[in-house]
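An overview of the molecular structure
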Amino acid sequence: MQNKLLSLITEHLPLGLIMYDKDGGVEYANNIALGMFGVTLNEIKGANIFDDPNISDEDKVKLKKGLSVSFETDYDFNLCRENVVKTTKINDKRYLSTKVSVPCDENGVSQGFLLTCEDITENKLREREIANSYKKIRATQRELSLALNVGNLTSWNYDIKSKMFYRFDDKLEICESLTLQSVLDRIHKDDRDGFIALLYDATYKKELINNETVLRILERKSKQYRYYNFVYSLKDDNNGEVSGVMFIQRDITEDVKYQQNLILAKNKAEEADKLKSTFLATMSHEIRTPLNAIVGFSQLLSEITDVEEKNEYRQLIETNSEILLKLIGDILDLSKIEAGSVDINRQELDLAQLCQELYQSFKQRIQNPDVTLRFINPYSKCIANLDKHRFIQIFTNFVTNAIKYTPKGYIEMGYECKPNQIRFYVKDTGIGIANEKKSLIFSRFEKLDDFAQGSGLGLSICKAIADATGGKIGFHSEANQGSEFWYVGYTNVDFVEKLEISEADNNLESVGFDENASCKNKKELEILVAEDNDSNFLLIKNILKEYHLTRAVTGLEAVEKVKTQHFDFVFMDIKMPIMNGLDATSNIRKFNSTIPIVALTANAFNEDKEAALAAGCNYFMTKPVTKRELIAVLS
Ligand code: ADP
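These lines cover the structure that appears in this document, whether it is placed above or below. (Residues numbered from 1 in each chain as written. Predicted model: local features only at pLDDT ≥ 70, side-chain atom pairs only at ≥ 80, totals over all residues. Heavy atoms only, no water.)

As summarised here, the arrangement of the five strands in space is S13-S15-S16-S18-S17, forming an open sheet in which the pairing is mixed. Unpaired on one side and paired on the other, strand S13 (371-376) and strand S17 (472-478) mark the two borders of the sheet. On average, adjacent strands in this sheet sit at an angle of 10 degrees to one another, irrespective of strand direction. Note: strand S15 (residues 409-418) against strand S16 (residues 421-428), eight bridges, orientation antiparallel. Paired with Lys 418 across the two strands is Gln 421, which belongs to S16. The sheet contacts of helix H12 (residues 388-404) involve S15, S16, S17 and strand S18 (482-490), and relative to S16 the element is tilted by about 20 degrees. Together, S17 and S18 form the strand contacts of helix H13 (residues 458-468), whose direction differs from that of S17 by roughly 140 degrees. (Pairing = 2+ DSSP bridges. Helix = DSSP H or I, 4+ residues; strand = E, 2+ residues; numbered from the N terminus. Axes fitted to C-alpha atoms, helices over the stretch in contact; angles between N-to-C directions. Contact = heavy atoms within 4.5 Å.)

Turning our eyes to something else, we now look at the pattern of salt bridges. Side-chain pairs of opposite charge can arise where the charged atoms are in close proximity. Scanning all chains against the criterion turns up 23 salt bridges. Across the pair Asp 251 and Arg 226 runs a salt bridge, and its minimum N-O distance is 2.8 Å. Residue Asp 251 is found in strand S11 (residues 242-251), and its partner Arg 226 is found in strand S10 (residues 225-236); the two are separated by 25 residues along the sequence. One salt bridge connects Glu 412 with Arg 374, and the closest N-O pair in it is separated by 3.4 Å. Of the two residues, Glu 412 is situated in strand S15 and Arg 374 in strand S13; the sequence distance between them amounts to 38 residues. Note on Glu 412: relative accessible area 9%, which makes it buried. Here the salt bridges share partners, and the residues they tie into one network are Glu 72, Lys 124 and Glu 127. (Salt bridge = Lys/Arg side-chain N within 4 Å of Asp/Glu carboxyl O. Buried < 20%, exposed > 50% of the residue type's maximum accessible area, 1.4 Å probe, protein only.)

Attention shifts here to H12. Compared with the 24 Å implied by 1.5 Å per residue over 17 residues, the 24 Å span of H12 between its first and last C-alpha is a close match. Restricting attention to buried positions, one finds in H12 the residues Arg 390, Phe 391, Gln 393, Ile 394, Phe 395, Thr 396, Asn 397, Phe 398, Val 399, Asn 401 and Ala 402. In this structure Asp 387 caps H12, since a side-chain oxygen of it lies 3.0 Å from the backbone nitrogen of His 389. (Expected span 1.5 Å × (residues − 1). Polar contact = N/O pair within 3.5 Å; in protein donor to acceptor, adjacent residues only side chain to side chain.)

Let's shift gears to the sheet that holds strand S24 (residues 619-622). The strand order across the open sheet formed by five strands is S21-S20-S22-S23-S24, and the pairing between neighbours is parallel. The sheet terminates laterally at strand S21 (548-552) and S24, the two strands that pair on one side only. Strand-to-strand, the axes of this sheet are offset by a mean angle of 20 degrees, without reference to chain direction. With three bridges joining them, strand S22 (residues 569-572) and strand S23 (residues 597-601) adopt parallel strand pairing. Bridge pairing links Met 572 to Ala 599 in S23. Along the sheet face, helix H15 (residues 555-564) touches strand S20 (526-530), S21 and S22 and points at about 135 degrees away from the line of S21. Helix-sheet contacts for helix H16 (residues 581-591) involve S22 and S23, and the interaxial angle to S22 is about 155 degrees.

It is worth stressing that arrangement in space is one thing and function is another; only the former is reported here.
Structural data, given as structure tokens:
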């Protein structure tokens, strides 16, 4: 009964069990052990424990001494096959946890050996898998922290439940925790709503629309906003539920600044390109206009005999040469300013005398009988340390502009002194400057009136001179009331004796062009000349003396005239006030498709020609034009 019970127990043990006799020979093995080793009881009966190569020599010694041993083995069946028993298990390796004990009788005499073993292969493999995974995680962690370091990245987690942000250090351990509110407080107000929406989606919809955003975040120390790029994704808890958002943050402030600078540079380059084109177009026009008069009147000069007429032509050539010279001077000055070298040579000047001389010379320039030039000279002597050339340049520019933009009234030039400063000014009762245009006055190439002679450079050069001399320049102006331009120079001034203010001359000589004066010898052809510039009209008038000419000074006037009078031919300037020549031509073409219209313009670019022909002109001539060309086109 006892034996039966014992046999039942041994067969149902969850362990392999082998019993050896005192010498180590196998006596019994339960089915689990037999299955484990792939043998039958007969095959292993008599096999000796001390021949088993899977038990170490050390353990064998212990067993012989009656000591129990336990060990774990990578049990190699091939070894056993060769040395101990036949086994059906080939090329198999199992992990066994083995214990061999030495049961003794009551006198302590060994009764044999009892081996129990458990197959722990599955556990072992799992353990090894876990160890490998752990190694991989460590390696990934190291790589990640290296990447964070190298990329200057910071890792954040937002925890939905606690509404807290956790920052990780380069060992991926939490090093900072912030409340949602404190994070929101530091985000730029314009970026805040987008970020709140992102957290809302993660919290309530458990989804994210994007995976990247840029936020401006206030830096605590500098109190400046820096730009950060955030790449993010949802984070799961152990149960696979969305528990928060993972963020990788990168400081992109320098990139953004670089980008902004690039855009600025690009805009500047485009602006410069535009300016260059404007400059070329303006220059071409501004050079050709006086050149037209110079070339034309020079030709006529050789053909006429009348002394008065000759003098008139000479005067016109001189005036236009001066305009041309001033323009070239301005361009040279501009190139010096561009190169940053406005040279200033100060010397002692008597302003009382110099201004008187300038006044005399400016007087000659006023040709409009409706305008008077006044000079306020409060001192008989006024010695100041100034650059004479630059002083004259600024004064001349102010007065020239005042003459250009004052159709009626007076122009007043004058100066005032204090012991360490001199202020000179030019006032006029001219057209003034509209408020919205005031900020453009000292900018390069800014002409507020496209039809006035000038390159738009004069005042910007004056400003550069004022800056180079450490002086100040400015103006007051009211549209349709007049303007006052002034310059203040800082220098020691020695002035004496206040004089009575001299009232200015008026009724200055003017050059009036009576367009009907030379309309004698009319031929049958009726010609309309649309031309706003007096010199250029006079030139055409003198070349085509024998024809009957009518003048229009704006495009609109030209259209009206063609509509209401009979003309055989039209010379059409392109740049004219109120309505330009292109629009005037298109308008004329609406009711008169046959009248020959010849564009006669200082705009000499190919696109100008194309535009003129497209508007309906039959022919295109660029100024300066010669008598031969004009006669040829008429015939
Ligand atoms: P420009 O050589 O074309 O005269 P400036 O630089 O001297 O160029 O002047 C720039 C613009 O300022 C002019 O085109 C004109 O529109 C305006 N301006 C200058 N002076 C006066 C003035 N006294 N009255 C009205 N407008 C003026």
